Structures are given as structure tokens and as C-alpha cells.
Amino acid sequence: MKLSIAATAFCVLLATSGASAFSPSAVPSSSVHSRSALRMATLEDTAAVPTTSSFLTPESAKAAMDAVGSPLYAYSLPKLEEFADKCLAFPNAYGLTVRYAMKSCPNGAILSYFNSKGIHIDASSGFEVRRAMTAGIPADHISLSTQELPADFAELMDLGVKVNACSLSQIERIGEHYAGKGQVIGVRVNPGVGSGGFSASTTGFSKTNVGGPSSSFGIWHELVSDGTVPDMVEKYGLAVERIHTHIGSGSDPEIWQQVASKSLSFCKIWDTVTACNLGGGYKVGRNPGEPTTDLQEIGGPVTQAFRDFAAEDGGRELRLEIEPGTYLVANAGALVCTIQDKVVTTGEGGHTFLKLDAGMTDVLRPSLYGAIHPITLLPGSGQSSDVGTDTESVVVVGHCCESGDLMTPLPGEPESLGERELRTAAIGDICVMDGSGAYCSGMSTKNYNSFPEAPEVLVDADGKPHVIRTRQSLEQIYQNEETVGGLW
């Protein structure tokens, strides 16, 4: 059986602490930083209630399944509030705008809730902009930073949407449309370095690293400092009101602070700049032992950098913008599903497999990145009194006819089987995959094998589920298909 050293050690600790009903996960050693801005979770922090997930009890998980069936996504309203309040308290010198990176979980109810808290929106496509406006978000509360400038960008900008130009051609297109009109824009800059949760490199390629020479995101910083971008802005009579940078998801706080200082240097180029957007990418520990960024600690030096900028630039006070996604929703959401089969292979390399009625169609991160999610197995009865203490080592897989549909890979190795020591399960038991609030429902491979998109519920402080999206029907999967005749 193939267990990482970290996973093995952690399972032993749990077994000796009497928390055998808790579902531990392997801890990627590469993600455990010594940075003081990252709070290290402890066993006491994470395993205090071994019969529940991070916010679901057997009873509340069963209630959610009774409401919409299995599988489903569940989101905790109290946790959304907790993480929203932490982001809104981010240290700042002259004002703060928190923008929710809606791509992480774009359900309209979640957008509406964050809007009620005073959180604005970071959109990544013209379609996301329209979706947010349909959910009731004011156009002037939406910022668009996109790899593909939409054909209707001018209509969106006229409505008040704030667009960050992410390439020279985007500046050209915007400039040609608004030539000589003093149109305000933002400029997204690739600062030359990046940082991501699945790579230690600040310049090499990583799927979660969006800065540096191996990233296509933003305008290369040398094109800003050498006068290319300023010349284009002047040519079309544009007014740059915002500098934007974003270096990656799960970024290193020290690198993030360095980029913040570099971003401010770009703000000096245009005296029209009133805001500096430093993106998001704050590391969140989904699993026991993984670090979580301390927003108060990383915000302190940035606040001082903004004050220093004001002192050096004639008193110009810049507003800070941040764009958290994962930080706001990752640990506020869970995939709730059912163990629909259990099979065993024997001999060298044999395993016990738990087959879910969900998989990469719902949570793609393990198959894509080798990401590790906490897994808790609960009794199918939905009764806490039925939670057993027996455990077994298993591999958890999804329901797709796809060998890569693996829910328990080795850390960072999506093609390697990783075993977990979980509560001994029976067919019909409930599986809760925590840490699934971000980049799961919004990034799923829904409809593969024609599996319908799973429903979503919002769980209130009393554990009551409220349906915020119903299950997709089979007919909805193929409703846009057209029949043709005369070709065969």
C-alpha cells in the first residue's frame, strides 16, 4: 500500500489520540511553510469533533441529502460570514475594497450574500460579469480582468464595469473605441515573479502560478517601465485609474509583499491612479497541519508601503483592493455524496476501493492538481450515535469511467494512488469532502458520462439546508443539441 510518510505519521497520531473516527488526510510536506504569516493548524484545532466534518454533522448532512438527493454541494452560511469579516478587516492605509473572485464559486446566492456584506466582485469573463449583474450586483461594483476581452466590452464599460486591460491588444481595442474621450481603465501587470500552491518556483510554470515569465497573465512589467504602455495610454487619451497584479493561488506571503511594493512603483507612472489592486491567492489550509495565511500579519507591511508611497508622492492616498476567492469560500463548502460501492483487489499492490456517486464531475482538484481534501465518512442513517470507531485503509474513487477519477491521490501527484485511514464504511454511508467551496462546483467536469450537475444548498446556523440550485435534469444536458438529416 502506498502511503506518504506525512499521511502515515498523521494517521498514527490520530489513532493514539483517540480520534479514530475522524477522517485524516495526507499533508503535503511542500505546503508547510515556516513563514510567520502562516498559522500552522494543530491536532487540537482540527480533530476536536471526530464525528463531524468541518461544519456538517451526520444529521445535517442527511438533512441536506433528504432535501436534494446525492451528490450535492453544501455551503455554511456562518463560515461565509466568518471569512467575509476577516477579509473586510484586512489592514489598509486609505480605504479598502474587497472583491470576491467569483470564479471560485459563482452561485448567485453566494454573490448576493457577499454583496450584502459590502464585498464587490472580481470577474474573469464577460459572461461572469453578466451573471453577476443578473444576481443583482451593481455594474460599478464589478471589476473585469480577463484573458479574453469580450466583444461587448464597451457596453459593459458604459454600464460602469471596471475593466483591467490585461494585454497590449486589449489596450489597443479599448483605446480605439474610446479614442480621445478620457476613458478610465485599469492595467494588469505581470510583475515578473509568481507564486502558487503546487510549485516552489517563482519564475517556472505551475498550474496555480499566474506571474513570472512562464505566465501569460497580465502585461509584462518591462512593457510598462520602458514606456510602451504609457505611450499607448497617451496615444488614445486614456486615464489609468487602477494598477492590478495577481501572482498565484496559495501564494507565499513574503513574495506577495514584495510584489505589493513593486505594484506601487507602477502607480507612480500615472498621477491618475487612485487604487492599487493586489489580487488574492491567500493560502488556506484545508487539511490538518496545513498553513493558513494570517491576513492581519501580511497586511501590516502593505499598509506601511501605501503610507510610504503617499509620503513620497505628494500625499497621494491610494485605495487598496484585494481579490480573495479561495479564502472566502474554500472551507465554507463541502461535497456531500454517497458510497455506492466497495471493491477489493488482493496481492501486492492490492487496495480496498470506495466508489462514490460523485467524482471529478464534482471535485476536479485531486485529478487535476493532486490536491488533498479532508474526507469524513458518516453513517448512512444520519445519526451521530451510529458513528463507529473501526477504521480501514482505502482508496476513494469517483463514479466516472475514467482511471483519473481519483479522490485520494498522493499529494501533488494526481496519477498516484494514495490511501487514507478512514472510518470503516458500508455501501450507503455518507462521504463528506470538506474544503470544496472553492474551484469545485465552478470548475467541475459536469456532464462527463452524462452525469447531471449537482445541486447546491446553503446551510444556516441551525443546520437547516436551503436549496440554492436544483439538480440538473438529463434533458437539460442535451437540450441544445440539434438533429440533422440526409447525411447518412
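Report on the accompanying structure.

## Some remarks on a nonpolar patch on the surface
Side chains of Val484, Leu487 and Trp488 sit close together on the surface and give an oily, nonpolar patch of about 440 Å² of accessible area. In this structure, Trp488 sits in the segment after helix 15 (474–478). Given a relative accessible area of 80%, Trp488 falls into the exposed group.

## Observations concerning the packing of helix 8 (residues 168–177) against helix 10 (residues 228–236)
Relative placement of two packed helices is described by the angle separating their axes and the distance separating the axes. The N-to-C vectors of helix 8 and helix 10 enclose an angle of 10°; their axes lie 9 Å apart at closest approach. As summarised for this structure, helix 8 and helix 10 are arranged roughly parallel, according to the angle between their axes. For the pair formed by helix 8 and helix 10, the contact residues are Leu168, Ile171, Glu172, Gly175 and Glu176 on the first element and Thr228, Val229, Met232, Lys235 and Tyr236 on the second. Per-class residue counts for the contact of helix 8 with helix 10 are five nonpolar, two polar and three charged.

## Structural notes on the packing of aromatic side chains
Across all of its chains, the model carries five aromatic pairs by this definition. Summarising the aromatic geometry, the rings of Tyr282 and Tyr327 are spaced 6.4 Å apart at their centres and angled 90° between planes, so their arrangement reads as edge-to-face. Here Tyr282 is found in the loop between strand 10 (275–277) and strand 11 (291–293), whereas its partner Tyr327 is found in helix 13 (residues 326–329), with 45 residues between them in sequence. The same class applies to Tyr282 as to Tyr327, namely buried. Put simply, the rings of Phe83, Phe90, Tyr282 and Tyr327 touch in pairs and so form one group of aromatic residues.

## Describing the pattern of salt bridges
Taken as a whole and judged by the stated rule, the model has 15 salt bridges. When the shortest N-O distance is used, the salt bridge between Glu312 and Lys268 registers 3.1 Å. Taken as a pair, Glu312 in helix 12 (residues 295–312) and Lys268 in the loop between helix 11 (253–267) and strand 10 lie far apart in primary sequence, 44 residues in all. It is possible to trace a salt-bridge network through shared partners that takes in Lys446, Glu453, Glu456 and Arg469.

## Details of the packing of helix 4 (residues 77–88) against helix 5 (residues 108–116)
Put simply, helix 4 and helix 5 touch, their axes get as near as 11 Å, and they point 45° apart. In terms of orientation, helix 4 and helix 5 fall into the oblique class. Of the two elements, helix 4 crosses helix 5, and the hand of that crossing is right-handed. Mapping the contact onto sequence places Leu77, Leu80, Glu81 and Ala84 in helix 4 and Ile110, Tyr113 and Phe114 in helix 5.

## Considerations on the state of the cysteines
Counted by the stated rule, this structure contains zero disulfides. Note on Cys401: no disulfide assigned, nearest cysteine sulfur contributed by Cys400 at a separation of 8.6 Å. A relative accessible area of 68% means that Cys401 is categorised as exposed.

Rules behind the numbers
Residues numbered from 1 in each chain as written. Predicted model: local features only at pLDDT ≥ 70, side-chain atom pairs only at ≥ 80, totals over all residues. Heavy atoms only, no water. Patch = residues over 30% accessible without salt bridge, like charges linked within 9 Å, V, L, I, M, F, W, Y side chains within 5 Å. Areas by Shrake-Rupley, 256 points an atom, 1.4 Å probe, with all protein chains shown as cover. Salt bridge = Lys/Arg side-chain N within 4 Å of Asp/Glu carboxyl O. Helix = DSSP H or I, 4+ residues; strand = E, 2+ residues; numbered from the N terminus. Buried < 20%, exposed > 50% of the residue type's maximum accessible area, 1.4 Å probe, protein only. Axes fitted to C-alpha atoms, helices over the stretch in contact; angles between N-to-C directions. Parallel < 35°, antiparallel > 145°, perpendicular 65-115°, else oblique. Contact = heavy atoms within 4.5 Å. Nonpolar A, V, L, I, M, F, W, Y, C, P; charged D, E, K, R; others polar. Phe/Tyr/Trp six-rings, centres within 6.5 Å; stacked < 30°, edge-to-face > 60°. Left-handed = near helix turned anticlockwise from the far one by under 90°. Disulfide = S-S within 2.5 Å.

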